[in-house]
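Observations on the model geometry
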Amino acid sequence: MKKVRFNKIDWTCAIIATLIALSIYVWTAAPNVTLQDSGEFTVAAKHFGNPHPTGYPLWTILSGLFLHIPLGNTGWQIGIFSGVCASLAVLLFTLIASHMLRWLLPTLKVFERSVIVLTFSLLLIFSESMWSQATIAEVYALHSLVIGLFILSLYRFIHDPQSDWHIIFSFFFFGLAFSNHHLTLALAPLLLFPTLLLRRDILWDLILFSLIAASLLFMAFASLSADLPLMKTALRFNWCCLAGLGVLLWYKRSRVEWKLLAFIPIALMLGLLPYAYMPFASSTNPPMNWGYDREMDGFYYTLNRSQYNGTLSSLLQSTIGRAMGTVDPQKVGARPSEPPAVPLRIRAEQWIGFFWLQLSHSFTPLCVLAFFAAFFSILRLDLYRRCWIYLLNIAFVLAAFFQPLMEDADITNDGWWLQMPYHTYTNWIFAMLCVCGFGFLWVKLTERYSKISPVIWVFLLLPLGTFNANYDSSSQRNRWFGWYFGHDMLKDLPRGSVVFGGTDPGRFVPTYMIFGESEQDASKKRDPYFDRRDLYIITQNALGDSFYEKYIRDHYTKYRPLPKNSFEKWLGRETQYPAQPLILPSPEDAESITRAFLEEEIHKNPDTPPDYGALAHSAIAKWIFEHNKKDHEFFVEESFPMEWSYPYAVPAGLVYRINPEPIALSKEVVEQDFAFWNNYIHMLTSDKEYYKDYDAERSFSKLRVTMGRIYSYRKMNKEAERAYRQALILWPESPETISLLSRLLWDRGEYDEPIDLFTKALAYDFNNFGILQMTASAIRRKKLYGEIEVSEAALKQNPKNKKAFTNLIDNYTELNDTKHLTALFQQGKSNFSGDNEILQRIAEYYFQETNYPSARQTVEQLTRLEPKNPRHWFQLACIAMQNGETNIAIPALQKAVAEGGLGYRELIQSQPIFNGLRTNPAYQKAFSLPVTPIQQPR
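Every value quoted in this text rests on a predicted model; they were computed, and no experiment measured them.

Reading the values: the criteria
- Residues numbered from 1 in each chain as written.
- Predicted model: local features only at pLDDT ≥ 70, side-chain atom pairs only at ≥ 80, totals over all residues.
- Heavy atoms only, no water.
- Pairing = 2+ DSSP bridges.
- Helix = DSSP H or I, 4+ residues; strand = E, 2+ residues; numbered from the N terminus.
- Axes fitted to C-alpha atoms, helices over the stretch in contact; angles between N-to-C directions.
- Contact = heavy atoms within 4.5 Å.
- Buried < 20%, exposed > 50% of the residue type's maximum accessible area, 1.4 Å probe, protein only.
- Salt bridge = Lys/Arg side-chain N within 4 Å of Asp/Glu carboxyl O.
- Patch = residues over 30% accessible without salt bridge, like charges linked within 9 Å, V, L, I, M, F, W, Y side chains within 5 Å.
- Areas by Shrake-Rupley, 256 points an atom, 1.4 Å probe, with all protein chains shown as cover.
- Phe/Tyr/Trp six-rings, centres within 6.5 Å; stacked < 30°, edge-to-face > 60°.
- Core = buried A, V, L, I, M, F, W, Y, C linked by side-chain atoms within 4.5 Å.

1. Describing the sheet that holds strand β1 (residues 498-501)
- The strand order across the open sheet formed by five strands is β2-β1-β3-β5-β4, and the pairing between neighbours is mixed. Of all strands in the sheet, those with a lone pairing partner are β2 (536-539) and β4 (649-652), marking the two edges. Geometrically, the sheet is characterised by an average inter-axis angle of 30° between neighbouring strands, direction not taken into account.
- In this sheet, strand β5 (residues 655-658) lies alongside strand β3 (residues 634-637) in antiparallel orientation, the contact comprising three bridges. Within the sheet, the bridge partner assigned to Phe635 lies in β5 and is Arg657.
- Along the sheet, helix α23 (residues 504-517) makes contact with β1, β2 and β3, crossing β2 at roughly 155°.

Below you can see the structure in the form of C-alpha cells.
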C-alpha cells in the first residue's frame, strides 16, 4: 500500500466545495446573537470564560482567538467562525472522498469521480445538521472538523499500516475531539478496529497501551472526585492494566512495541491539553464561569457533566465498575423516582426508523439508497479497502444509533431539535459512505450502458433539492429574533435592575446583551445607544447549584475577587460588573433557605412529591428579592414557575416586574400589557422569517405564557385566556399553551376547541406521545361531560338517585375535577346520610384532600351507622392523629381493635402515624384487650 497523497484533482474539488460552503455559510450566518446557547458561548469566547459543562475548551480557545480578527459584531463573527470550521470539515471530506474513489474504483473517469465527489460535498454542505450549526455560535461545526481529522488519521493508517505514527496521531485527534465534546467517546472502538484487521501482530500491544492510557486518565479523573467507589474502581483498573503489562512483557519480551507504549499516552494527553484552559480561565472571574472550575470540585463537576443525567462517572461505574466488581450491577444507573424505561428494543426500532426519515429528508432518498449500496461495494475488494468501508459503517452505527440510544433520545420535534446538532459529524460519515455506494452503482451502470456516462452531470442538480428542503430550518439570514429577545427585554429596564433569567434564551441572550453587545463600538451595534452593563443577570434555575452560587457571588457581592495581575486587568475584570454590590446568600444560608422552603411546600401539599431543584431555585430567588428590593428593581423571565412572586407580579413588556409589595393589577395596567403584546406579535409575525424559526416561536410564546399563568393564578380567567391565545399566535402548536388554554375552556364547558387544538398539534408533531395522550384525554373529557350532563339531569329530577350520584363521582374523579366533587359531596352528605357506601367514598375524598374536619365529620357519621365496623374507627383515629387529637384517636383505636381483632391490631402497630402514641398508657391498654382473631381489615 502507498501513503495517502492528494493530487491536483482532489485539491481542486476540495477548494471548489470549500469556497461554495464558506460563501453559503457566510451568506446565511446569523446577523447577531441567536436563541438557546449562542449568547453563553459568545460571552465565554469573548471574555476568556467557561460555558456550561463540559466546558468545550477547544471551541472556546479557538473561537476566542478568531475574535481577534476585526470582522465586525461579535455575535455575527462567532457565527462566521462556525462557518469556517464547517467549511474546513467539507474540505477534509472532499479530499478524502476524491482520493477514496480513486483508490476503491480506479475505473471511474476523472470527470465522473469529480462530479460524484462534488455532488455529495454539496449535499453535505446543505444537510440540515451541518448547515444549521455552521451559521450560529455552537460547538458542533468544529466537532465535525476534528472528527474529520481523526478519521483522516485512520484512513492514512489503513493505507500505511506499518507506520505507528498514524496510530499515535489517531489518539491525539481523538483526545482533541474529546476536548471539544464528549460525543467523541462513542467512537472509541475505531481506535482499535483497523489494527484488528491489518496489524494483528501489535493488536494486544495496542489494546493494553490504550487501556494504560485510559487508566491514567481514569485515575486523574477519579482523584478529582470525592467518590470513594469511583477511586476504588480506578485503582483496581490500574492494577489490572499493570498486571496485563507484566504478562505482555513476559510473553513478547523484546518484541514489545515500546514506541506505542511511550507515545500513545503522550498523544492522548496532548489532545486533552485544552482542558487545562478551564481552571486558568475560571480563576480570572470571567462573566461566563459556569462550573466554577477554579476549584477542584468545580472542575470535576464540569468534566463529569454532573448537572445532567448520564454523567461520565455513572458511565464509568456501569461499565468498568461492573467489570472490576466495585459496584452492585442492580444499583448502577437506577432511577427509583422515574417510571420504568421503554425497553431498549422498542426504543431502538423507534429511533432507527425516525433517524432514517430525517436523513432521507436532509439528504434526499437517493442518498439513502447510495448508503446501502456501499455494503455491496465490499465484494471483491481486498482487505485494506474492506477495512475502510467497515470502519465507516461502524462509525456511522455508533454515531447515529448507539450514542442517541444511550442518551435515551426521543423522536418528538423537541427531541430531534436537541439531537439534530449532534449529528454534524454523523452526516459527514454518512455522506462518505454515500460517495462510496454511489460510485459503486455508477461503475456497475456504466459497465452495462457505457454511453450514459455524460448523464452524470445531471446529478449536480440533486443538491438544489437539499438546499430548498433545508433552507428554512438552517439559514439564519436576516433573523434578528435573538437580538430582539435580548434588546427589547432589557432596553427600558431601570438602571441597576436585577433580571432573573429562566429558560436558555432567557438567561443566555441577556448575558450576551449585557457583556457582549453593550461594550462594542457603536458602529458595530444595530442600536448604537444600547448599553446595559448596569444590569445584574442571574439564572433563576441554577440558584440551587452551589457552583453557580459561587460564580454569581464573585460577580455581584462586595466580596468579589479583585484582579490579581495585569492579565486580569487587561481582560477588564475590574469594570465588567456593576459597582453597587448585591446581598446574596452564603452557602450555609442557601442550604437553610432551601430546607425551610421545602418544609413549607411539603406542609402545603403533603400528597405531592416536591421538585427539590425547582423549589431550591425559587426559594433562593425569593430570598435575594427580599434582601435587595429596597435598592434594586427585579424582573423575571421565567422557567420554573415562581408562584411566590405572582402576587407581586406586574407585566413589564416581555417580562414581568416583581413589585416590592403585593399589588392588584389595575384595568389600565392589564390593557397596556395586551396592547404591548398585540403590537409586538404583529411586529414578529409580519417578519416572513418568523414562522420558519422554531426557536423564535418557542421562546416568544413562552414569554407570553408566563403572564397568562400569572393572570390565571390571580383568578383573572378572561385575561389568562387572552394571553394564552396570544401565545398560540406566536406558536400555534405549543403543547404547554394548548394544555393551559384547554383547562380554562373545559371549566367553561367548551370541549370541541381543545380537541381541535390538540389534533393540530399532533399533526405537527405526530411522534409526540404526550400530545397523543392529551388528545385522547380531550376526546375522553368531552365524552365524560356528556355523561355528566345526563347524570346531573337525573340527579336534579331525583336528588337521591344513587346510580346518577355514583356516576358523577366516577366521572369527576377521572377528570380530577375537585371543584365539582367538593360541591357534589356537600350535597351527598345530606341526601345520602344513611348510605354507608356513599359516605365512605366521601370520607376518603376529604381525607385525600387533607380536609380533615369534613373527613372526621363524615367518619363519625359512619361510626353511628355501623358502630361494629372497625374500619370506620381506624379511619377516625387516623384523622384525629392528623389534627393532633390523641384524646379522640386512642378511644377510636380501642374500638378498632375490639371490633377488628388481631388483623387490626397488627395493622395499627405497623402504621408510622401512631408512633407518637407508643408510650401512652391508654394506647398500650388498647392492645391488652381480649380480641376475637377472626376479622381482617376490610
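2. Re the side chain of Ser791
- As for its position among the elements, Ser791 is in helix α33 (residues 769-797).
- Look at Ser791 and you get buried, because its relative accessible area is 7%.
- Ser791 has contacts with Ala804, Asn807 and Leu808, leaving out every residue within four places of it along the chain.

3. Some thoughts on the pattern of salt bridges
- One pass over the structure, following the stated rule, counts 40 salt bridges.
- The salt bridge involving Glu736 is made with Arg709; its shortest N-O contact spans 2.9 Å. Of this pair, Glu736 sits in helix α31 (residues 735-747) while Arg709 is found in helix α29 (residues 694-713), placing the two residues 27 residues apart along the sequence.
- A salt bridge links Arg841 to Asp810, with the nearest nitrogen and oxygen atoms 2.9 Å apart.

4. Quick look at a nonpolar patch on the surface
- A contiguous nonpolar patch, built from Trp165, Phe169, Phe263, Ile266, Leu270 and Leu273 and spanning about 570 Å² of accessible area, is present on the exposed surface.
- Within the residue set of the nonpolar patch, elements represented by two or more residues are α8 (164-178) and α12 (258-272).
- Broken down by element, the nonpolar patch gets its largest block of residues, three residues, from α12.
- Relative to the elements of secondary structure, Phe263 occurs in helix α12.
- A relative accessible area of 31% means that Phe263 is categorised as partly exposed.

5. A closer look at the packing of aromatic side chains
- Applying the stated criterion across every chain yields a total of 86 aromatic pairs.
- Plain terms: the ring middles of Phe625 and Phe634 are 5.4 Å apart, the flat faces sit at 90° to each other, and that makes the pair edge-to-face.
- Among the residues examined, Phe634 registers a relative accessible area of 1% and is labelled buried.
- A centroid spacing of 5.8 Å and a plane angle of 85° characterise the contact between Tyr694 and Trp731, whose relative ring orientation is edge-to-face. Within this pair, whereas Tyr694 is found in helix α29, its partner Trp731 is found in the loop between α30 (717-730) and α31, the two being separated by 37 residues in sequence.

6. A few points about unusual backbone geometry
- For the bond from Pro53 to Thr54, the omega torsion is 20°, close enough to zero to count as cis.
- Mapped onto the secondary structure, Thr54 falls in the loop between α2 (38-46) and α3 (57-66).
- A positive phi is found at Phe48, a non-glycine position, where the angle reads about 55°.
- Inspection of the secondary structure puts Phe48 in the loop between α2 and α3.
- With a phi angle near 60°, Arg305 is a residue other than glycine that sits in the positive phi range.

7. Focus on helix α14 (residues 296-304)
- Buried residues dominate α14, accounting for seven of its nine residues.
- In this fold, the buried residues of α14 make contact with α10 (203-224), α11 (228-252), α13 (277-282), α15 (312-324) and α24 (546-556).
- Among the residues trailing α14, Arg305 stands out with phi positive, at a value near 60°.

8. Some remarks on the pairing of β3
- Neither face of β3 is left uncovered, since the one carrying Phe634 and Val636 and the one carrying Phe635 and Glu637 both have all their residues buried.
- Relative to β3, β1 runs parallel, the two being bridged by four bridges. In the strand pairing of β3, Val499 is matched with Phe635.

9. Here we look at the nonpolar core
- In terms of nonpolar packing, the biggest core is built from 160 residues, with Phe120, Phe209, Trp388, Phe396, Trp428 and Phe430 touching the most fellow members.
- Considering each element in turn, this core owes the most residues, 17 residues, to helix α4 (residues 74-104).
- Discounting residues that sit within four places of it in the chain, Phe396 has contacts with Phe355, Trp356, Leu359, Phe371, Phe401, Thr426, Ile429, Phe430 and Leu433.
- One finds Tyr292, Val670, Ala880 and Tyr904 within the second-largest nonpolar core, a separate group that totals 143 residues.

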